[in-house]
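Architecture at a glance
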Amino acid sequence: MADIFVEKMVKKKRDGKDFARIALCVLLVVFSAVMSLQSPIFLALVLLFVLLGLLVMRICDVEYEYQYINGYFDVDKIFHKEHRKNIFEANMVNLVILAPESAEVLKRYSNVKVCDFTSGYSNEPVYGMIFSEEGIMKKVLFEPGEEMLAGIASQVPGEVVKQ
């Protein structure tokens, strides 16, 4: 059997929470700048809130990298193209089904824990994978692309449902 290595990276769309965090930081900077006109001690707060705002903006800049390597599926979360954190690992032996999110097959797994690793943009098809590990079911939402679907289907063909 040939080695299979497929990866795909998707940039996460900023949502309402991200914009609220950024807006709060901007408001804090403006408030402390106005207050620094009254008392110079607030200048330190301006600097603190500017640094906090930069940190929040970096944290809100997220990409997901999907990796499929010889029967193992990993998802890494990348912050501001610098910091990588592995957030999900699974052995495809535990895969129950992989299908488009809208497929009828996935509807019967509506009460399981969901891990959403999608970009939030509507132009890419979203797929769901159901994993069962030690009796615990998990649903993983992601945007695999044709190359990744073909790689997974070549090793676990019975569990893959295509559109």
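All of the points below concern the structure found in this document.

What counts and how
Residues numbered from 1 in each chain as written. Predicted model: local features only at pLDDT ≥ 70, side-chain atom pairs only at ≥ 80, totals over all residues. Heavy atoms only, no water. Phe/Tyr/Trp six-rings, centres within 6.5 Å; stacked < 30°, edge-to-face > 60°. Helix = DSSP H or I, 4+ residues; strand = E, 2+ residues; numbered from the N terminus. Buried < 20%, exposed > 50% of the residue type's maximum accessible area, 1.4 Å probe, protein only. Pairing = 2+ DSSP bridges. Axes fitted to C-alpha atoms, helices over the stretch in contact; angles between N-to-C directions. Contact = heavy atoms within 4.5 Å. Expected span 1.5 Å × (residues − 1). Arc of directions from axis to C-beta. Core = buried A, V, L, I, M, F, W, Y, C linked by side-chain atoms within 4.5 Å. Salt bridge = Lys/Arg side-chain N within 4 Å of Asp/Glu carboxyl O.

**Overview of the packing of aromatic side chains**
Scanning all chains against the criterion turns up seven aromatic pairs. Aromatic side chains phenylalanine 73 and phenylalanine 88 sit 6.4 Å apart centroid to centroid with 65 degrees between the ring planes, which places their arrangement in the edge-to-face category. You can see phenylalanine 73 sitting in strand 3 (residues 72-79) and its partner phenylalanine 88 sitting in strand 4 (residues 83-91), a full 15 residues away along the chain. Of the residues examined, phenylalanine 73 reaches a relative accessible area of 0% and is grouped as buried. A network of ring pairs unites the aromatic residues Tyr64, Tyr66, Phe73, Phe88, Phe117, Phe131 and Phe142 as a single cluster.

**Remarks on unusual backbone geometry**
A positive phi angle, near 45 degrees, is found at asparagine 70, a position not held by glycine. Within the secondary structure layout, asparagine 70 lies in the loop between strand 2 (62-69) and strand 3. Even without being a glycine, lysine 81 presents a positive backbone phi close to 55 degrees. The topology assignment puts lysine 81 in the loop between strand 3 and strand 4. Accessibility expressed as a relative area gives 59% for lysine 81, which makes it exposed.

**Notes on the sheet that holds strand 1 (residues 5-11)**
Sheet architecture is open: four strands sit in the order 1-2-3-4, paired in antiparallel fashion. The two strands at the open ends of the sheet, each matched to only one other strand, are strand 1 and strand 4. In this sheet, neighbouring strand axes are inclined to one another by 15 degrees on average, regardless of whether the strands run parallel or antiparallel. Here seven bridges tie strand 1 to strand 2, and the two strands are oriented antiparallel to one another. Residue pairing in the sheet places valine 6 in a bridge with tyrosine 68 of strand 2. Those strands touched by helix 4 (residues 145-155) are strand 1, strand 2 and strand 3, and its axis lies near 30 degrees from that of strand 2.

**Quick look at the sheet that holds strand 5 (residues 95-100)**
A sheet is described by the order of its strands in space; here four strands give the open sequence 5-7-8-6, paired in mixed fashion. Edge positions in the open sheet fall to strand 5 and strand 6 (113-116), since each of these has one partner strand only. This sheet shows a mean twist of 20 degrees between the axes of neighbouring strands, independent of strand direction. Across four bridges, the pairing between strand 6 and strand 8 (residues 136-142) is parallel. The residue bridging lysine 113 from the neighbouring strand is lysine 138, located in strand 8.

**A closer look at helix 2 (residues 42-60)**
Its 19 residues give helix 2 an end-to-end C-alpha distance of 27 Å, which sits within 8% of 27 Å, the value for a rise of 1.5 Å per residue. Among the residues making up helix 2, those that are buried are Val46, Phe49, Gly53, Val56 and Cys60. All buried residues of helix 2 lie within an arc of 90 degrees about the axis, which places them on one face of the element. Residues of helix 2 that are exposed and angled more than 90 degrees away from the buried face: Leu43, Ala44 and Leu47.

**A short note on the nonpolar core**
Of all hydrophobic cores here, the largest spans 27 residues; its most connected members are Tyr66, Phe73, Met92, Leu98 and Met129. Among the elements of the structure, strand 1, strand 2, strand 3, strand 4, strand 5, strand 7 (127-133), strand 8 and helix 4 are those that each provide at least two residues to this core. Each residue touching phenylalanine 73, except ones within four places of it in the same chain, is listed here: Tyr66, Gln67, Phe88, Glu89, Ala90, Met92, Met129, Val140, Phe142 and Met148. Residues Ala103, Leu106, Val112 and Ile130 belong to the second largest nonpolar core, which totals seven residues.

**With respect to the pattern of salt bridges**
All told, the structure shown has nine salt bridges when counted by the stated rule. When the shortest N-O distance is used, the salt bridge between aspartate 18 and arginine 21 registers 3.1 Å. Taken together, the residues aspartate 18 and arginine 21, both in helix 1 (residues 16-38) and three residues apart, mark about one turn of the helix. For arginine 21, a relative accessible area of 43% puts it in the partly exposed group. Residue glutamate 63 is joined to lysine 81 by a salt bridge in which the shortest nitrogen-to-oxygen separation is 3.1 Å. Of the two residues, glutamate 63 sits in strand 2 while lysine 81 sits in the loop between strand 3 and strand 4, which places them 18 residues apart along the sequence.

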